[in-house]
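Chain residues, written in single-letter form:
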Amino acid sequence: MDYTTGSIRKAIFLLSVPMILEMCMESVFAVVDIFFVGRISKEAVATVALTESVLTIVYSVAIGLSMAATAMVARRTGEKKPEEASKSAVQAILIALAFTVVMSVSGYLFAPDILKVMGAAKEVVETGVAYTKIIFGGSIVIMMLYLINGIFRGAGNASMAMWSLWIANGLNVILCPVMIHFYGVKGAAIATTIGRGAGVCFQLYHLLNGTGSLHLLKKYFSPDWEIIKSLAGIAWTGTAQFLIGSASWIVLARIIAAFGSATVAGYQVAIRILLFFLLPAWGMSNATATLVGQNLGAKQPQRAEQSVWKTAKYNAIFMLFVTLLFLFASEPIVAFMNPDQSVEKISIEVLHIVTAGYIFYGVGMVLMNAFNGAGDTKTPTVISLFCFWMFQIPIAYFMAMTFGLGPKGVFYAIIIAETVLAAVAFIIFRKGRWKKIKI
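Along each chain, the written sequence defines residue order, and numbers are assigned to residues from 1. Confidence filtering applies because this is a predicted model: local features only for residues at pLDDT of at least 70, side-chain atom pairs given and counted only at 80 or more, and all residues used for totals across whole chains, interfaces and linings. Calculated side-chain values reflect all of the structure's heavy atoms, with hydrogen atoms and water omitted.

**Digging into the overall build of the chain**
Stage number 1. By definition, any uninterrupted DSSP run of H or I lasting at least four residues is a helix, any uninterrupted run of E lasting at least two residues is a strand, and each is numbered from the N terminus. On a plain count of helices and strands, the chain comes out with 15 helices and 0 strands.
Stage number 2. Atoms counted for the radius of gyration: C-alpha only. Globule rule: 2.2 Å times residue count to the power 0.38. Computed over the C-alpha atoms, the radius of gyration of the chain is 21 Å, within 12% of the 22 Å expected from 2.2 N^0.38 for a compact globule of 439 residues.
Stage number 3. Principal axes of the C-alpha set define a box for the chain whose edges measure 55 × 45 × 35 Å.
Stage number 4. Taking all 439 residues of the chain together, 59% fall into the buried category.
Stage number 5. All accessible-area figures derive from a Shrake-Rupley calculation using a 1.4 Å probe, and residue coverage is judged against the displayed protein chains alone. Accessible surface, the chain as shown: approximately 17,100 Å² in total, 69% of it carbon and sulfur.
Stage number 6. Separation of charge centres in the chain, based on 33 positive and 21 negative side chains, amounts to 9 Å. Exposed residues in this analysis have more than 50% of their type's maximum accessible area, buried residues have under 20%, and partly exposed residues fall in between, with area computed by a 1.4 Å probe over protein chains only. Under the convention used here, Asp and Glu are negative, Lys and Arg are positive, and both His and the chain ends fall outside the count. Where a charge sits is defined by one atom per residue type, namely NZ (Lys), CZ (Arg), CG (Asp) or CD (Glu).

Structural data, given as C-alpha cells:
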C-alpha cells in the first residue's frame, strides 16, 4: 500500500496492527524468561534482570541503527526509489555486523564482572554467569532482529517484521521450559538465542529473495561510504538517545539493588509486565515513524503532521486502558508471574505508581518517534538527556536515599520524568523544525 495517499486513519491501522503484534512478541521474550526462571529461585530471577539491564546497551545500539534504517528506507520509499532503499538497508546491516563482533566478545569475556558491577550477590554471580555469557555471546541475533525489522517497517512491510518475531517467540516458548529443565537458568539463554536466530533466518530469507519492495543484491554489499556516513549520522544520535534512556534504567536498577534481592526481583518482574503492555504502544508509535518518513519523502509535511496527532490520540486512549487495568487487576497478574509474596508486594507497588503517568508517556513516545522518523534523532536525544540524567536520576536518588522513601522514591521519579518528557516533546514538535530535515 502507498501510505502517502488515502485515509490517514486507515494507514495508521494497517501499519499499527502488525507493529503492535510485533512489539507484543518482543515483550514476550522477557515475560517468558521471567515466568520460567521465576520457578527456579530469586537468584535466577536477579540474574536475568541484571543481565537484561546491561544488555540494554546492545538494545540501544540496535534500536538506534534500526531507527536510522527506518528513516532512510522510508524516505527512499516515499521518493519511489526502491533500489536506493535496498542499498541503504544493506549498508545498515554492514554497520551492525561490525559493532556486534566487539560487543559479543566483550560481553562473553567479562560476564562475571558485569554482574558484580550491577551489585549482584555472590550466589547470583555463581548461578548466572553462564546465562550472561550466552546472552552476550549471541547478541548478533538481537541486533539483526531489531535492525531488519526496522528496515521492513521503513518500507511499509510491517507484517514481515511481525512474522519474524512470532517465529522467534514461538520457538522460545517451546524451548525455554525444556532447556531450563536440562540446563537450569542458562537454558533460558539458549532457548532465547535459538528463537531469535530462527527469526533472523526468516528475515534474511525474504530480504535475499526479494519479498516486497526490498531485495538485497550482492552488489549492494560493497561499502558505500556516503550512505554509511548518512546512516551513522542518524544512528549515533539515535543510539545515544536510547543509550541515555537505557543507561538511566541501569542506574535505577543499581539504586534498587541497595534494598535487597526481593526488591530487585519485584521491581524487575513489574517492569517485564509493564513492558508487555508498553511495547504495543511502542508498536503504534512506530507507525508514526514510517508515516512521517514516507510522507516527507513524498513532500507532504502536512500529512505527516496529521498522522502524528492522530496516532498520539489513539495511543493515549490505549494507555488509559492499561492504567485502569493495573489499577484494578494488578494482584492476579503479578501472582501469575511470580508466586513469591515478598516479590509480589513490590511488583504491585511498582505497577500502581508507574502507570499513573502512562497517558503522558503514550503521547511522548509518539512525538519522539515522529522526530526519529523524520531523521531528526538529535532533538529527542537532547530531550532524553535532560529528562533522564539531569532530572530522573537525581530525583530518584534523593527521594530513595536522602528523603527515606526507599524504592518508592525511584518509582515516583519514573512517572515525573516521563511526564516532563512528554511536555517538552510537545512544545518542540509544535515548532515544526523536523519537517525541514534532509537525509
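**Digging into the side chain of R153**
Stage number 1. Within the secondary structure, R153 sits in helix α6 (residues 139–154).
Stage number 2. Classification of R153 as buried rests on a relative accessible area of 8%.
Stage number 3. Each residue touching R153, except ones within four places of it in the same chain, is listed here: M19, E22, M23, S66, Y146, A161, N286 and T290. Residue contacts are counted whenever heavy atoms from the two residues lie within 4.5 Å of one another.

**Some details on the packing of helix α3 (residues 82–109) against helix α5 (residues 122–137)**
Stage number 1. Relative to each other, α3 and α5 sit at 175 degrees, their axes nearing to 7 Å. It follows that α3 is roughly antiparallel to α5 by the angle criterion. Residues M103, S104, G107 and Y108 of α3 form the contact with α5, whose own contacting residues are K133, F136 and G137. Here an axis means a line fitted to C-alpha atoms, over the contact stretch when the element is a helix, while the angle between two N-to-C directions is reported on a 0 to 180 degree scale. Between 65 and 115 degrees an angle is taken as roughly perpendicular, under 35 as roughly parallel, over 145 as roughly antiparallel, and anywhere else as oblique.

**Overview of the confidence of the model for the chain**
Stage number 1. The predictor's confidence in any single residue is recorded as pLDDT, a number from 0 to 100. Averaged over all residues, the pLDDT of the chain equals 86, while 98% of them reach at least 70.
Stage number 2. For the chain, per-element mean pLDDT is lowest for helix α4 (residues 111–117), which scores 78, and highest for helix α13 (residues 358–373), which scores 93.

**Focus on unusual backbone geometry**
Stage number 1. With phi around 65 degrees, K80 is a residue other than glycine that occupies positive phi space.
Stage number 2. With respect to the helices and strands, the residue K80 is situated in the loop between α2 (42–78) and α3.
Stage number 3. For K299, which is not glycine, the phi dihedral falls at a positive 60 degrees.
Stage number 4. Summarising the element assignment, K299 is placed in the loop between α10 (261–297) and α11 (301–337).
Stage number 5. Among the residues examined, K299 registers a relative accessible area of 69% and is labelled exposed.

**Notes on α2**
Stage number 1. The length a helix should cover is 1.5 Å for every residue beyond the first. Helix length check: α2 (37 residues) gives 50 Å between terminal C-alpha atoms against 54 Å at 1.5 Å per residue, within 8%.
Stage number 2. The largest bend in α2 comes to about 35 degrees, at V54.
Stage number 3. Summarising burial for α2: 33 of the 37 residues are buried, a large majority.
Stage number 4. K80 occupies a position one or two residues after α2 and carries a positive phi of about 65 degrees. Bend at a residue means the angle formed by two fitted axes: the first through the 7 residues ending at that position, the second through the 7 residues beginning there.

**Focus on the packing of aromatic side chains**
Stage number 1. Aromatic rings from Phe, Tyr and Trp, with only the six-membered ring used for Trp, were paired whenever their centres fell within 6.5 Å, and each pair was classed as stacked if the ring planes differed by under 30 degrees, edge-to-face if by over 60, and tilted otherwise. On inspection of all chains with the given rule, the structure shows 10 aromatic pairs.
Stage number 2. Relative to F398, the ring of Y397 lies with its centre 5.8 Å away and its plane at 80 degrees, an arrangement referred to as edge-to-face.
Stage number 3. For F398, a relative accessible area of 42% corresponds to the partly exposed category.
Stage number 4. The ring centre of Y108 lies 5.2 Å from the NZ or CZ of K133, which sits over that ring. Note on geometry: a ring has a charge over it if NZ (lysine) or CZ (arginine) is within 6 Å of the ring centre and within 35 degrees of the ring normal.

**Examining the environment of G64**
Stage number 1. Inspection of the secondary structure puts G64 in helix α2.
Stage number 2. Linking G64 and A240, residues 176 residues apart in sequence, is a C-alpha distance of 7.5 Å.
Stage number 3. Leave out the neighbours within four places in its chain, and G64 touches A235, G238 and T239.

**Topic: the pattern of salt bridges**
Stage number 1. In what follows, salt bridge is the name for a side-chain nitrogen of Lys or Arg lying within 4 Å of a carboxyl oxygen of Asp or Glu. All told, the structure shown has 5 salt bridges when counted by the stated rule.
Stage number 2. Here E79 ties to K81 by a salt bridge, and the two come within 3.9 Å at their closest N and O atoms.
Stage number 3. For E79, a relative accessible area of 28% gives the class partly exposed.
Stage number 4. Across the salt bridge formed by D224 and K87, the nearest N and O atoms sit 2.9 Å from each other. Here D224, found in the loop between α8 (185–208) and α9 (225–257), pairs with K87, found in helix α3; they are 137 residues apart in sequence, far enough to count as distant.
Stage number 5. A relative accessible area of 23% means that K87 is categorised as partly exposed.
Stage number 6. Ionic contacts of the salt-bridge type, sharing partners, join the residues R76, E79 and K81 into one network.

**Looking at the environment of M23**
Stage number 1. Inspection of the secondary structure assignment puts M23 in helix α1 (residues 8–37).
Stage number 2. M23 gets classed as buried once you look at its relative accessible area, which sits at 9%.
Stage number 3. Measuring from C-alpha to C-alpha, the distance between M23 and L278 comes to 8.7 Å, with 255 residues separating the pair along the chain.
Stage number 4. Sequence-distant contacts of M23, defined by excluding residues within four places in its chain, comprise R153, L279, P280, W282, G283 and N286.

**A closer look at the state of the cysteines**
A covalent bond bridging the sulfur atoms of two cysteines is what the word disulfide describes.
Stage number 1. Counting rule for disulfides: a pair of cysteine sulfur atoms within 2.5 Å. Enumeration according to the criterion identifies 0 disulfides in this entry.
Stage number 2. Looking at the unpaired C201, the closest cysteine sulfur is the one in C176, lying at 19 Å.

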